[in-house]
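For reference, the chains in residue letters:
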Amino acid sequence: MAVLVCGGAGYIGSHTVRQLLKAGEEVIIADNLSKGHRAAINPDVKFYECDIRDKGALKKIFAENKIEAVFHFAAYIEAGESVELPLKYFNNNVYGMQILLEAMTECGIDKIIFSSTAAVYGEPEKIPIAEDDATFPVNPYGDSKLIMEIMMRRVSAAQGVRFVSLRYFNASGASEDGSIGEDHHPETHLIPLVLQVPLGKRDHITIFGNDYPTPDGTCIRDYIHVLDLADAHICALNYLRGGGASNFFNLGSGQGFSVKEIIDAAEKVTGQKIKKELGARRAGDPARLIASSDKARKILKWAPQFDDIEKIISTAWNWHTSHPNGYGD
């Protein structure tokens, strides 16, 4: 039996494919390459270039392969863009989930592991954030992911498709050998943006607000290495294989680092001074986002291996210096 990785040419998807192969799994990738990269696809893996909104293409994959479970990474992720183009996010993310679930139920596929997000919580009421805390997204991206979770929950109750929804905090880093990594266009994540300064791709990094109620006035986030995220997906698959019920899990390190602390750590890793400029606060930026991952540790038997922020940044730096233009496609 194989697993289907939708969005397997993207950042987290490609790292998960690699970890699945290391674990001895048979893997099939489906990706429309609108955000993913052909060069990130393992040449030994069967690849279908298709969109998850194409039910016929999905059913063809299910007919041609013995699929046990689906990993779903095929969603748009830019929160800022979602505010300007909400329908783009509802069409790809929500409608895409509808078609995927329809194809799965029609073809008898009963397990799905979903790439969700901490954005479902919106402005947190307390820190660290637990899975049963209130979910009030502040942008259409978070709305779309929450709706996708609701869809899975309802289909699980009605038709027995069991799911694990993994709510990521700030995915970061790259493979330790530097062969695959983060390549978004446009880039919106802090660590690669900071590293663009010593790479000579930007003159400075902008700090959006320094008057938050945090020790140094800048926003604090929980950074989790992409390989730790990938390993959590394998734990989730094994949990479902063992008969585990549909469930939600936070994935984070449980540690918080401010924007200034990330810049300081990047200066140590790169050995270069990074120019900073102060900008206005961005709307909807919470002061702190830190995960409680106790539930994932207890139930999924998962624990992050990368707990040092300089180590996380060093893997990203290795990727960016060896691939200054990303995948180049």
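A few points on the structure. (Residues numbered from 1 in each chain as written. Predicted model: local features only at pLDDT ≥ 70, side-chain atom pairs only at ≥ 80, totals over all residues. Heavy atoms only, no water.)

### A look at the overall build of the protein chain
1) Next: Along its length, the protein chain carries 10 helices and 14 strands.
2) Next: Rg of the C-alpha trace for the protein chain: 19 Å, near the compact-globule value of 20 Å for 329 residues, within the 12% margin.
3) Next: The proportion of buried residues among the 329 residues of the protein chain is 58%.
4) Next: Of the roughly 13,700 Å² that the protein chain leaves accessible, carbon and sulfur atoms contribute 50%.
5) Next: Measuring between centres, the 35 positive side-chain charges of the protein chain sit 3 Å from its 43 negative side-chain charges. (Helix = DSSP H or I, 4+ residues; strand = E, 2+ residues; numbered from the N terminus. Rg over C-alpha atoms; globule rule 2.2 N^0.38 Å. Buried < 20%, exposed > 50% of the residue type's maximum accessible area, 1.4 Å probe, protein only. Areas by Shrake-Rupley, 256 points an atom, 1.4 Å probe, with all protein chains shown as cover. Lys, Arg positive; Asp, Glu negative; His and termini not counted. Charge placed at Lys NZ, Arg CZ, Asp CG, Glu CD.)

### Section: the sheet that holds strand β3 (residues 46–49)
1) Next: What the 7 strands build is an open sheet, ordered β3-β2-β1-β4-β5-β6-β11; its pairing is parallel. For this open sheet the edge positions go to β3 and β11 (247–251), each flanked by a neighbour on one side alone. Shown here is a sheet whose adjacent strand axes are inclined to one another by a mean of 20°, direction ignored.
2) Next: Note that strand β4 (residues 67–72) and strand β5 (residues 111–117) share 3 bridges and pair parallel. Within β5, the position partnered with Phe71 by the bridge is Ile113.
3) Next: Here helix α5 (residues 140–159) sits on the sheet in contact with β4, β5, β6 (162–168) and β11, set at roughly 155° to β5. (Pairing = 2+ DSSP bridges. Axes fitted to C-alpha atoms, helices over the stretch in contact; angles between N-to-C directions. Contact = heavy atoms within 4.5 Å.)

### Here we look at the side chain of Ser293
1) Next: The residue Ser293 is located in the loop between β14 (288–289) and α9 (294–300) in this model.
2) Next: The exposure class assigned to Ser293 is buried, which follows from its relative accessible area of 3%.
3) Next: Within polar-contact distance, the side chain of Ser293 engages the backbone nitrogen of Gly252 at 2.9 Å.
4) Next: With near-sequence residues (within four places) excluded, Ser293 lies in contact with Asn250, Leu251, Gly252 and Trp302. (Polar contact = N/O pair within 3.5 Å; in protein donor to acceptor, adjacent residues only side chain to side chain.)

### Digging into the pattern of salt bridges
Two side chains bearing opposite charge may form a pair once their charged atoms approach each other closely.
1) Next: Counted according to the given criterion, the structure contains 22 salt bridges.
2) Next: Here Lys59 ties to Glu106 by a salt bridge, and the two come within 2.9 Å at their closest N and O atoms. Residue Lys59 is found in helix α2 (residues 55–64), and its partner Glu106 is found in helix α4 (residues 86–107); the two are separated by 47 residues along the sequence.
3) Next: Of the residues examined, Lys59 reaches a relative accessible area of 32% and is grouped as partly exposed.
4) Next: Its relative accessible area of 45% is what places Glu106 among the partly exposed residues.
5) Next: Where Lys273 meets Glu267, a salt bridge forms, and the shortest distance between an N and an O atom there is 3.9 Å.
6) Next: Classification of Glu267 as buried rests on a relative accessible area of 14%.
7) Next: One salt-bridge network, held together by shared partners, links Glu25, Glu68, Asp110, Lys111 and Arg241. (Salt bridge = Lys/Arg side-chain N within 4 Å of Asp/Glu carboxyl O.)

### Quick notes on α4
1) Next: For α4, spanning 22 residues, the distance from its first C-alpha to its last is 31 Å, which sits close to the expected 32 Å at 1.5 Å a residue.
2) Next: Along its length, α4 reaches its greatest deviation from straightness, about 25°, at Gly96.
3) Next: All of the buried residues in α4 are Tyr89, Asn92, Asn93, Val94, Gly96, Met97, Ile99, Leu100, Leu101, Ala103 and Met104.
4) Next: For α4, the secondary structure elements touched by its buried residues are β1 (2–6), α2, β4, α3 (79–84), β5 and α5.
5) Next: Downstream of α4 by a residue or two, Gly108 has a phi angle that is positive, lying close to 75°. (Expected span 1.5 Å × (residues − 1). Bend = angle between axes of the 7 residues up to and from the residue.)

### A few points about the packing of helix α8 (residues 259–270) against helix α10 (residues 309–322)
1) Next: With their axes 9 Å apart at the nearest point, α8 and α10 run at an angle of 60° to one another. Here α8 lies oblique to α10, going by the angle between them. When the axes of α8 and α10 are compared, the crossing they make is right-handed. Touching Ile262, Ala265, Ala266, Lys268, Val269 and Thr270 of α8 are Ile309, Glu310, Ile313, Ser314 and Trp317, all from α10.
2) Next: Across the contact of α8 with α10, the residue classes break down as 7 nonpolar, 2 polar and 2 charged. (Parallel < 35°, antiparallel > 145°, perpendicular 65-115°, else oblique. Left-handed = near helix turned anticlockwise from the far one by under 90°. Nonpolar A, V, L, I, M, F, W, Y, C, P; charged D, E, K, R; others polar.)

### Quick word on α2
1) Next: For α2, every residue scored as buried is listed here: Ala57, Leu58, Ile61 and Phe62. Mapping the buried residues of α2 onto a view down its axis gives an arc of 140°, with all of them on the same face.
2) Next: Considering only its buried residues, α2 is in contact with β1, β2 (26–31), β3, β4 and α4.
3) Next: Where α2 begins, the side chain of Asp54 points an oxygen toward the backbone nitrogen of Gly56, at a separation of 3.2 Å. (Arc of directions from axis to C-beta.)

### Some details on the sheet that holds strand β12 (residues 257–258)
1) Next: One open sheet accounts for 3 strands, arranged β12-β9-β14; its pairing is mixed. Pairing within the sheet leaves two strands with one partner each, and these edge strands are β12 and β14.
2) Next: Sheet topology note: the strand β9 (residues 220–221)/β12 ladder contains 2 bridges and is antiparallel. Bridged to Arg221 within β12 is Phe257.

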